[in-house]
Amino acid sequence: MIKKTGLVFAFLSLFVVIVAAQPDVKLKRKDRKRDVELYTTAGNIVLRLYDSTPLHRDNFLKLVKAHYYDSVLFHRVIKNFMIQSGDPNSKTTMAGQPLGNGGPGYMVPAEFRPSLFHKKGVLAAARNGDDVNPEKQSSASQFYIVQGRKFTDRELDSVEVVRLKGYKLPVEHREVYKTIGGTPQLDQNYTVFGEVIKGLDVVDNIANTVTSKGVDKDRPLQDIRILKARLVKRKK
């Protein structure tokens, strides 16, 4: 999923590269207890990040504090699947140009957790395909929010065999996929690190927009932009 080409990074030590390339922004303890609000041209989306994926959480928070996401587009949108953003090149690109190869120049190690899965509304990290990224490391900036769809038991059985190569979806996850929906074919292959707590209707509206079938395939014909991303006080 998410693009099998582009974003190939060369580095000697993953830890050193991440530390060196991350924006020079300091996180405060209270930052990790805040939510992230995306102010978009389609409406506002509030995200809550998971403490169980600390590398992705802290990286995302630092990028938000550095205003990295201000003015980026949702450059890849697929109905009943997901909406993707986070390519800095999208801030100034011309209409009709393909996107999806931009980033800050480092990757984040995968943080797969058995309890985290691709239900509707989750936030997850895009990445290169397995052919160039066998460790399934995440793009540092590009992310997607799942819209997905509902699945039947028969469809989930097929996903386990064909897409998940025998990985068995937990019973409780299957129930969510049957009642709420999601993208089970991505489980344990892309790092899930948060979820939408407000604005799922905005996600649906973005996912349902008309997109290109040209060289900029899946890019919305009318730009949908994150005007700004900010840390906001968490409401109980």
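Here the structure is a predicted model, which is why all the values come from computation and not from measurement.

A. Broad picture of the nonpolar core. Counting 32 residues, the largest nonpolar core has Ile 45, Leu 47, Phe 60, Tyr 69 and Ile 145 as the members making the most contacts within it. Each residue touching Ile 45, except ones within four places of it in the same chain, is listed here: Val 36, Glu 37, Leu 38, Ile 145, Val 196, Lys 198, Gly 199, Val 202, Val 203 and Ile 206. Grouped together as the second largest cluster of nonpolar side chains are twelve residues, Phe 81, Leu 116, Leu 186 and Val 192 included.

B. Region of the structure containing the pairing of strand E2 (residues 43–49). For strand E1 (residues 35–40) and E2, the ladder comprises five bridges, and the chain directions are antiparallel. Bridged to Val 36 within E2 is Leu 47. Bridge analysis of E2 against strand E9 (residues 192–198) gives four bridges, and the strand direction is antiparallel. Within E9, the residue paired with Leu 49 across the bridge is Gly 194.

C. Broad picture of the environment of Val 210. Here Val 210 is to be found in the loop between helix H5 (200–207) and strand E10 (226–232). For the pair Val 210 and Val 77, spaced 133 residues apart in the sequence, the C-alpha separation amounts to 8.8 Å.

D. Region of interest: H5. Within H5 the residues assigned to the buried category are Val 202, Val 203, Asp 204, Ile 206 and Ala 207. Residues of H5 that are buried sit in contact with E1, E2, strand E3 (74–78), strand E4 (82–85), strand E8 (143–146) and E9.

E. Geometry of the environment of Leu 61. With respect to the helices and strands, the residue Leu 61 is situated in helix H2 (residues 54–65). Exposure remark for Leu 61: the relative accessible area of 1% places this residue in the buried category. The spatial distance from the C-alpha of Leu 61 to the C-alpha of Gly 214 is 34 Å, given a sequence separation of 153 residues. With near-sequence residues (within four places) excluded, Leu 61 lies in contact with Leu 27, Asp 31, Arg 32, Val 36, Leu 49 and Leu 231.

F. Inspection of the side chain of His 173 at higher detail. With respect to the helices and strands, His 173 occurs in helix H4 (residues 171–179). Note on His 173: relative accessible area 5%, which makes it buried. With residues near it in sequence (within four places) discarded, His 173 still touches Pro 114, Ser 115 and Phe 117.

G. Looking closely at the packing of helix H3 (residues 153–163) against H4. Orientation of H3 relative to H4, taken along the N-to-C sense of each, is 125°, at an axis distance of 10 Å. Classed by the angle they form, the pair H3 and H4 counts as oblique. With respect to the hand of their crossing, H3 and H4 are arranged in right-handed fashion. Residues Asp 153, Leu 156, Asp 157 and Glu 160 of H3 form the contact with H4, whose participating residues are Arg 174, Tyr 177 and Lys 178.

H. The sheet that holds E4, seen in detail. The eight strands lie next to each other as E3-E4-E8-E6-E9-E2-E1-E10, forming an open sheet whose pairing is antiparallel. Either end of the sheet is taken by a strand with one partner, and the two such strands are E3 and E10. In this sheet, adjacent strand axes meet at a mean angle of 25° when their direction is disregarded. Note: E3 against E4, four bridges, orientation antiparallel. Counted as the bridge partner of Val 77 is Ile 83 from E4. Against the sheet, H2 engages E1, E2, strand E6 (122–125), E8, E9 and E10, with an angle of about 120° to E10.

I. Looking closely at the pattern of salt bridges. Counted according to the given criterion, the structure contains 22 salt bridges. The residue Lys 33 makes a salt bridge to Asp 51 at a minimum N-O spacing of 3.5 Å. Taken as a pair, Lys 33 in the loop between helix H1 (14–21) and E1 and Asp 51 in the loop between E2 and H2 lie far apart in primary sequence, 18 residues in all. Asp 51 gets classed as partly exposed once you look at its relative accessible area, which sits at 39%. Note that Arg 219 and Asp 223 form a salt bridge whose closest N and O atoms lie 3.3 Å from each other.

Criteria and thresholds
Residues numbered from 1 in each chain as written. Predicted model: local features only at pLDDT ≥ 70, side-chain atom pairs only at ≥ 80, totals over all residues. Heavy atoms only, no water. Core = buried A, V, L, I, M, F, W, Y, C linked by side-chain atoms within 4.5 Å. Buried < 20%, exposed > 50% of the residue type's maximum accessible area, 1.4 Å probe, protein only. Contact = heavy atoms within 4.5 Å. Pairing = 2+ DSSP bridges. Helix = DSSP H or I, 4+ residues; strand = E, 2+ residues; numbered from the N terminus. Axes fitted to C-alpha atoms, helices over the stretch in contact; angles between N-to-C directions. Parallel < 35°, antiparallel > 145°, perpendicular 65-115°, else oblique. Left-handed = near helix turned anticlockwise from the far one by under 90°. Salt bridge = Lys/Arg side-chain N within 4 Å of Asp/Glu carboxyl O.

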